[in-house]
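# Summary of structural features
Below, each chain spelled out in residue letters.
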Amino acid sequence: MFTHQSLKKGGMSFRPSLRTWENMNMEEVRAELAVSEEDIQAGRVYSPEQVEAWIGEMFPHG
């Protein structure tokens with residue numbers, strides 16, 4: 001997806017980043033976990049089969 005966007009639009013409009021738990025302080029970790037807990041309590045959870053189906057729809061050609 002990032003490669004496709006880069007080629008199509010001449011570059012990304014944002015800098016992709018991925019923060020690991022080791023790069024976060026305790027307050028940031030607690031905030032991330034609180035969001036996850038809210039999602040679970042609100043029923044925003046998916047089975048592995050649902051995720052697989054969604055990915056298959058997003059990327060039909062593998």
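This structure is a prediction, so every number in the text was calculated from the model and none was measured. (Residues numbered from 1 in each chain as written. Predicted model: local features only at pLDDT ≥ 70, side-chain atom pairs only at ≥ 80, totals over all residues. Heavy atoms only, no water.)

### Thoughts on helix 2 (residues 26-41)
End to end, helix 2 covers 22 Å across 16 residues, agreeing with the expected 22 Å (1.5 Å per residue, within 8%). Measuring from the backbone nitrogen of Glu27 back to the side-chain oxygen at the start of helix 2 gives 3.1 Å, which picks out Asn25 as the cap. (Helix = DSSP H or I, 4+ residues; strand = E, 2+ residues; numbered from the N terminus. Expected span 1.5 Å × (residues − 1). Polar contact = N/O pair within 3.5 Å; in protein donor to acceptor, adjacent residues only side chain to side chain.)

### With respect to the pattern of salt bridges
Where side chains of opposite charge bring their charged atoms close, a pairing between them can arise. Under the criterion given, the structure shown has 2 salt bridges. The partner of Glu28 in a salt bridge is Arg19, with the nearest N and O atoms 3.0 Å apart. For Glu28, a relative accessible area of 29% puts it in the partly exposed group. The closest approach of N and O atoms between Arg44 and Asp39, which form a salt bridge, is 2.8 Å. (Salt bridge = Lys/Arg side-chain N within 4 Å of Asp/Glu carboxyl O. Buried < 20%, exposed > 50% of the residue type's maximum accessible area, 1.4 Å probe, protein only.)

### Section: a nonpolar patch on the surface
Together, Tyr46, Val51, Trp54, Ile55, Met58 and Phe59 give the surface a local cluster of nonpolar side chains, amounting to about 660 Å² of exposed area. Note that Ile55 resides in helix 3 (residues 48-58). On the accessibility criterion, Ile55 (42% relative accessible area) is partly exposed. (Patch = residues over 30% accessible without salt bridge, like charges linked within 9 Å, V, L, I, M, F, W, Y side chains within 5 Å. Areas by Shrake-Rupley, 256 points an atom, 1.4 Å probe, with all protein chains shown as cover.)

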